[in-house]
Amino acid sequence: MTVSRCRGRVVDADGVPVARARVTIVAASVPMPEIALLTGSEGDFELALPQGRFRLRAHGPRGEIGEAEVGVEDGVALTDLVIGLDHGTLD
Amino acid sequence: MVDLKSVANPAFSALEAVPAPRSTTPGSLGIATGEQSRSALYLLAKGKSGPLLRRRTGLESVLGQDDRVRILDTELPPWRMICALEMRGPSGAGAIGTGWLLGPRTLLTAGHCVHSGRFFGGWVREIAVSPGRNGATFPFDTVRSTRFASLDAWVGREDPDFDIGCVHLDQPIGERLGWFAIGALPPNELEGCLVNVSGYPIDRGEGAEQYHHRNRVLRVSERRLFYDVDTYGGQSGAPVWIHESSNAPPLVVGIHAYGTSGTPAAFHIEANSAPRIIPEVLDRIRAWVKEDGGWPGA
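Residues numbered from 1 in each chain as written. Chains lettered and ligands numbered in written order. Predicted model: local features only at pLDDT ≥ 70, side-chain atom pairs only at ≥ 80, totals over all residues. Heavy atoms only, no water.

For the rest of this paragraph, the subject is the interface of chain B and chain A. Listed per partner, the contact involves 31 residues of chain B and 27 residues of chain A. Taking both partners together, chain B and chain A bury about 2,300 Å²; carbon and sulfur atoms supply 53% of that area. Where Arg 20 of chain A meets Glu 86 of chain B, a salt bridge forms, and the shortest distance between an N and an O atom there is 3.1 Å. Taken together, the links from chain B to chain A amount to 17 residue pairs in polar contact (both at pLDDT 80 or more). At the level of elements, β4 (82-88) and β5 (94-103) of chain B are the ones that each hand at least two residues to the side of chain B that touches chain A. Along the lines of polarity and charge, the residues of the side of chain B that touches chain A split into ten nonpolar, 14 polar and seven charged. In the sheet, strand β3 (residues 36-38) of chain A pairs with β5 of chain B via three bridges, with the strands oriented antiparallel. Along β5 of chain B, the bridge assignment pairs Leu 38 of chain A with Gly 94 of chain B. (Contact = heavy atoms within 4.5 Å. Buried area = accessible area lost by both parts, 1.4 Å probe. Salt bridge = Lys/Arg side-chain N within 4 Å of Asp/Glu carboxyl O. Polar contact = N/O pair within 3.5 Å; in protein donor to acceptor, adjacent residues only side chain to side chain. Helix = DSSP H or I, 4+ residues; strand = E, 2+ residues; numbered from the N terminus. Nonpolar A, V, L, I, M, F, W, Y, C, P; charged D, E, K, R; others polar. Pairing = 2+ DSSP bridges.)

Here it is as structure tokens:
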């Protein structure tokens, strides 16, 4: 199965990168493990995804939450995914 | 029969900053504390049950109403045998998961917590293991490991049925903390069982607090176990355990790894899932423990 590299960043409401935010895949059209990624010092994270649709959710250090929907086609890299954290929680 | 081989990670230089007869292994509650966990007394599910009805919404791994409960007495068994994991990949990228002791010097987790093309580009470099972590409180020392193993069916083709990983420890922390027994049980013994899952989700407590939920096994397939238990990212590698009777010790029968996306649509159920401990897997696990010196008296 071919996979596509997905590079992204987590930023706060002011667009500032958030280090050590936690990112996980909460819904997917293919089986995805329940691991959580930690963002780097620039709010950056990277993973490889197979073809399919994915909902990524980021959790900030003060309980902020942000989401992004991603559609992946074979071999097409995603390099500019940005997840913005908002205050409050999802229902 | 499945022919499974163990695959060990290559040694890295110094790190930078960063259906068959039932078969079981021995368990231990570690050094007695003189105190019984009140959480265990009130929360642990035991035996079998008829269908438990719950309000369901959405397709995520918290299946409807969130019924997870935070464990506060994590310094007591069985909770102290469950560890918060922080993995560090070759690039320095970090990740959070859960693991649990199955021997004095051996910890089990999900395969993707030790090797993943998707998340680490291969083997992780190092894992920090924090037994019974309770938020900012670490009731026991955090230990680090750079020695891991998984199954060829996971490392070679990332088959979710074999998403199982081993962390070899230098320190015999299980002698004090105890370790879970594990069992390869036939499907008829698992059907209808109440299972317990406890680990370190990131949506509550940022992956630093232990949460437990219990509910019924919904389906048993040849190599997987599907259950109506709330979980979330960060709980990969958590033990899925049963108590066969009210006085029986914990017995791990699966290793939590997948949310609802891992459940085949043809099953028509909303469930999270774990690779089952099947006899072939148990043979590999025994070999991993033996590499670490084995179980006392075994």
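Still to come is the rest of the account.
With that settled, consider the pairing of β4 of chain B. Residues and elements named next belong to chain B. Most of β4 sits inside the fold, with six of its seven residues counted as buried. The pairing of β4 with β5 spans seven bridges and is classified as antiparallel. Bridge pairing in β5 links Glu 86 to Ile 96. Between β4 and β5, which pair antiparallel in sequence order, lie five residues; one of them, Gly 92, sits at a positive phi of approximately 95 degrees. As defined by bridge partners, β4 adjoins strand β9 (residues 126-131) across six bridges and the pair is classed as antiparallel. (Buried < 20%, exposed > 50% of the residue type's maximum accessible area, 1.4 Å probe, protein only.)

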